Amino acid sequence: MKNKLNIKASSEDNLRDLVGTGGEFPVPDGYFEGFNERLRARLQVQRELARPRSKSFQLIFAITSAAAAVTLAFFLFKSVNQPPASKDSNKWVVNDYTEESYITYLVYTTAEQNLFQPDSAFDSLSNNDHRLTHERAQSKENLDPEEVIEYLFYNNGNVYTIMDWK
Amino acid sequence: MANDKDQKILSLLRRPETRNYGFQLLVDTYKERLYSIVRRMVIRHDDADDIVQDVFIRIWENIDGFREESSLYTWIYRIAINESLRFLKSKRLRLFLPMLDISAQLEKLIDDPQHFSGNQIERKLQKAILKLPDKQRLVFNMRYYEGLTYEEISEMLGTSVGALKASYHLAVKKIEKYLD
């Protein structure tokens, strides 16, 4: 044990004798002289960051956050309730479920003679369209319960709603 | 040695009206020593500067929590050591590099006179030291360059004196082998 410790001491001394403790890591001129000033500046920044914000700032922040949350919720709700868009991009899709939209659509898309015969406007509809049309909904005859359910499903129960019009 | 001065610093720091002066005295007393030990670990001046400033900021923020269970000197060194080791670890993680690659990067800096000035053998010694694992390198630097006793290092690192002696001996052996 004693020998081992001697070897250790000897080894350390050898290294010191052989290499010494020279060599320097250069420090920029004036580094230590300006250190306190730089540290003070950093501490000032730290204090600014840690300082609690004023009440007016907190109020504005809270109002802005609430407004943003309401807006986001509105758009999310709207997009969730929106029916899926038609896969065929050529189809004219009415996204606004109002009667006015439907009338506007008729004015712009129906031939002039048909405007005076409103029922004929529905003639252009494909007979294969499985959805319940306005005309068929009004007829009260031959209503297939499945069609009614499907209609209500796609139109949220609004009789005048048009959502996918060819 | 530093105990009287440390006590004076602490008493100044404890009183609100002398707190700033006490902190200034603490910075003046320790900045060069801390810089030296940190610089030997991270090699780059800019990194050492950032770490030493971080150390003093941590001291400023936590001085009220200092319970004097160890000396001020030990406590300050411990913070500096932890910050240096954390820096090296985060650098390794950030760059996804194993220890050897970081060492290789630091070794390149030793050849640059901007980062190290010394003769060929001193340069070679620095490169050999950089090949040691971080903690072993730390123990070697503290003992070889800073002249700290094993007892002081033990208190700072929370490692037994025996383990430190073994670590230091192993480090010297590795370095001698590299220098041969």
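Rules behind the numbers
- Residues numbered from 1 in each chain as written.
- Chains lettered and ligands numbered in written order.
- Predicted model: local features only at pLDDT ≥ 70, side-chain atom pairs only at ≥ 80, totals over all residues.
- Heavy atoms only, no water.
- Core = buried A, V, L, I, M, F, W, Y, C linked by side-chain atoms within 4.5 Å.
- Buried < 20%, exposed > 50% of the residue type's maximum accessible area, 1.4 Å probe, protein only.
- Contact = heavy atoms within 4.5 Å.
- Axes fitted to C-alpha atoms, helices over the stretch in contact; angles between N-to-C directions.
- Helix = DSSP H or I, 4+ residues; strand = E, 2+ residues; numbered from the N terminus.
- Parallel < 35°, antiparallel > 145°, perpendicular 65-115°, else oblique.
- Left-handed = near helix turned anticlockwise from the far one by under 90°.
- Nonpolar A, V, L, I, M, F, W, Y, C, P; charged D, E, K, R; others polar.
- pLDDT = per-residue confidence, 0-100.
- Phe/Tyr/Trp six-rings, centres within 6.5 Å; stacked < 30°, edge-to-face > 60°.
- Lys NZ or Arg CZ within 6 Å of the ring centre and 35° of its normal.
- Buried area = accessible area lost by both parts, 1.4 Å probe.
- Salt bridge = Lys/Arg side-chain N within 4 Å of Asp/Glu carboxyl O.

> When you look at the nonpolar core in this model, what are you seeing that I'm missing?
Nonpolar side chains in soluble globular proteins generally cluster together in the buried interior. Counting residues in each nonpolar core, the largest one holds 63 residues, and the members touching the most others are Phe23(B), Leu26(B), Phe56(B), Ile59(B) and Phe140(B). Each residue touching Leu26(B), except ones within four places of it in the same chain, is listed here: Ile9(B), Leu13(B), Phe56(B), Ile59(B), Leu72(B) and Ile76(B). Of all hydrophobic cores here, the second largest spans eight residues; its members include Phe25(A), Leu109(B), Phe116(B) and Leu130(B).

> Teacher, can you tell me more about the packing of helix 2 (residues 19–42) of chain B against helix 7 (residues 134–144) of chain B here?
Any two packed helices are characterised by the angle at which their axes cross and by the distance between the axes. All names here are of chain B. Packing of helix 2 against helix 7 brings their axes to within 10 Å, and their N-to-C directions diverge by 140 degrees. Viewed along their axes, helix 2 and helix 7 adopt a mutual orientation that is oblique. Along this stretch, helix 2 crosses helix 7, giving a crossing that reads as right-handed. Residues Ile37, Arg40 and Met41 of helix 2 pack against Asp134, Arg137, Leu138, Asn141 and Met142 of helix 7. Tallied by class, residues from the contact of helix 2 with helix 7 come to four nonpolar, one polar and three charged.

> Where do I start with the confidence of the model for chain B in this structure?
Residues with a pLDDT of 70 or more make up 96% of chain B, whose mean pLDDT is 90. We note a pTM of 0.63 for the whole complex and an ipTM of 0.83 for its interfaces.

> What am I meant to see in the packing of aromatic side chains here?
Each pair of aromatic rings is reported with the distance of its centres and the angle of its planes. Considering all chains together, one arrives at 15 aromatic pairs over all chains under this definition. Ring plane angle 70 degrees and centroid distance 5.9 Å describe the contact between Tyr31(A) and Phe35(A), whose orientation is recorded as edge-to-face. Taken together, the residues span about one helical turn, with Tyr31(A) and Phe35(A) both in helix 2 (residues 31–50) at a distance of four residues. This pair shows no difference in class: Tyr31(A) is buried, exactly as Phe35(A) is. Geometrically, the ring pair formed by Tyr31(A) and Tyr35(B) is tilted, given 5.1 Å between the ring centres and 45 degrees between the ring planes. On the criterion of chain membership, the pair formed by Tyr31(A) in helix 2 and Tyr35(B) in helix 2 is interchain, its members lying in two chains. Classification of Tyr31(A) as buried rests on a relative accessible area of 4%. Grouping aromatic residues by their ring pairs yields a cluster made of Tyr31(A), Phe32(A), Phe35(A), Tyr35(B) and Phe56(B). The ring centre of Trp60(B) lies 4.8 Å from the NZ or CZ of Arg19(B), which sits over that ring. Above the face of the Tyr150(B) ring, Arg143(B) is positioned so that its terminal group lies 4.4 Å from the ring centre.

> Explanation requested: the interface of chain B and chain A in the structure shown.
Interfaces are often sized by the accessible area lost when the parts come together. In this assembly, 43 residues from chain B lie in contact with 27 residues from chain A. Interface of chain B and chain A: buried area, both sides summed, is about 3,200 Å²; carbon and sulfur atoms make up 62% of it. On inspection of chain B and its partner chain A, the count reaches one salt bridge. Notably, a salt bridge pairs Arg42(A) with Asp54(B), separated by 2.5 Å at the nearest N-O pair. Broken down by element, the side of chain B that touches chain A gets its largest block of residues, 10 residues, from helix 3 (residues 45–62) of chain B. Classifying every residue of the side of chain B that touches chain A gives 21 nonpolar, nine polar and 13 charged.

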